[in-house]
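What the coordinates show
Given next are the chains, with one letter for each unit.
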Amino acid sequence: MLESIPYIGEIFALTTAFIWAGAVILFKKSGETVHPLALNLFKNSMAFVMYPITLAAVGKSILYQSSSYDFWMLML
């Protein structure tokens, strides 16, 4: 479906750049009032929660085949 939309890759790339720029500005502003450690813990917690939700939304498996070495290196 998305393949039929012209320039979809470029649109996604540009949208990602704008979202990233907005996030940087918001984190800079929030870093003025919130301690950086708390801000990083919040950001990482949100990523930890949203990653499996995103994988489920796009129909990908949360668990995929890899070696135990790769898994533990990722955890470290």
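Residues numbered from 1 in each chain as written. Predicted model: local features only at pLDDT ≥ 70, side-chain atom pairs only at ≥ 80, totals over all residues. Heavy atoms only, no water.

Details of the overall build of the chain
For the chain, the helix and strand inventory stands at three helices and zero strands. When its helices and strands are written in sequence order, the chain yields α-α-α. Projected onto its principal axes, the C-alpha coordinates of the chain cover approximately 45 × 40 × 20 Å. The proportion of buried residues among the 76 residues of the chain is 4%. One way to put it: in the chain the 4 positive side-chain charges average out to a point 13 Å from where the 4 negative ones average out. (Helix = DSSP H or I, 4+ residues; strand = E, 2+ residues; numbered from the N terminus. Buried < 20%, exposed > 50% of the residue type's maximum accessible area, 1.4 Å probe, protein only. Lys, Arg positive; Asp, Glu negative; His and termini not counted. Charge placed at Lys NZ, Arg CZ, Asp CG, Glu CD.)

Re the packing of aromatic side chains
Applying the stated criterion across every chain, the model contains one aromatic pair. Taken together, a centroid distance of 5.0 Å and an interplanar angle of 75° make the contact between Phe 71 and Trp 72 edge-to-face. Taking relative accessible area as the criterion, Phe 71 reaches 40% and is therefore assigned partly exposed. (Phe/Tyr/Trp six-rings, centres within 6.5 Å; stacked < 30°, edge-to-face > 60°.)

Considering a nonpolar patch on the surface
On the surface, Phe 42, Met 46, Phe 48, Val 49, Met 50 and Ile 53 cluster together to form a nonpolar patch covering roughly 630 Å² of accessible area. With respect to the element layout, Met 46 can be found in helix H2 (residues 36-57). (Patch = residues over 30% accessible without salt bridge, like charges linked within 9 Å, V, L, I, M, F, W, Y side chains within 5 Å. Areas by Shrake-Rupley, 256 points an atom, 1.4 Å probe, with all protein chains shown as cover. Salt bridge = Lys/Arg side-chain N within 4 Å of Asp/Glu carboxyl O.)

Details of the layout of surface pockets
Computed from the structure, the largest pocket encloses a volume of approximately 510 Å³. As for the largest pocket, its lining consists of 15 residues, of which Tyr 51, Ile 62, Phe 71, Leu 74 and Met 75 are closest to the centre. Listed by contribution, the elements that provide at least two residues to the lining of the largest pocket are H2 and helix H3 (68-75). Of the residues contributing to the lining of the largest pocket, the split by class is eleven nonpolar, three polar and one charged. Put simply, the second largest pocket is a space of about 290 Å³. Around the second largest pocket sit Thr 16, Ile 19, Trp 20, Ala 23, Val 24, Phe 27, Lys 43, Met 46 and Ala 47, which together line it. (1 Å grid on protein atoms, 1.4 Å probe; cavity = no way out; pocket = protein on both sides within 12 Å on 5 of 7 lines; lining within 4 Å. Points joined across faces, edges and corners; volume = space filled by probe spheres on them. Nonpolar A, V, L, I, M, F, W, Y, C, P; charged D, E, K, R; others polar.)

Details of the confidence of the model for the chain
Residues of the chain with pLDDT of at least 70 account for 97%, and the chain-wide mean is 88. Mean pLDDT in the chain bottoms out at H3, which sits at 87, and peaks at helix H1 (residues 8-30), which reaches 93. (pLDDT = per-residue confidence, 0-100.)

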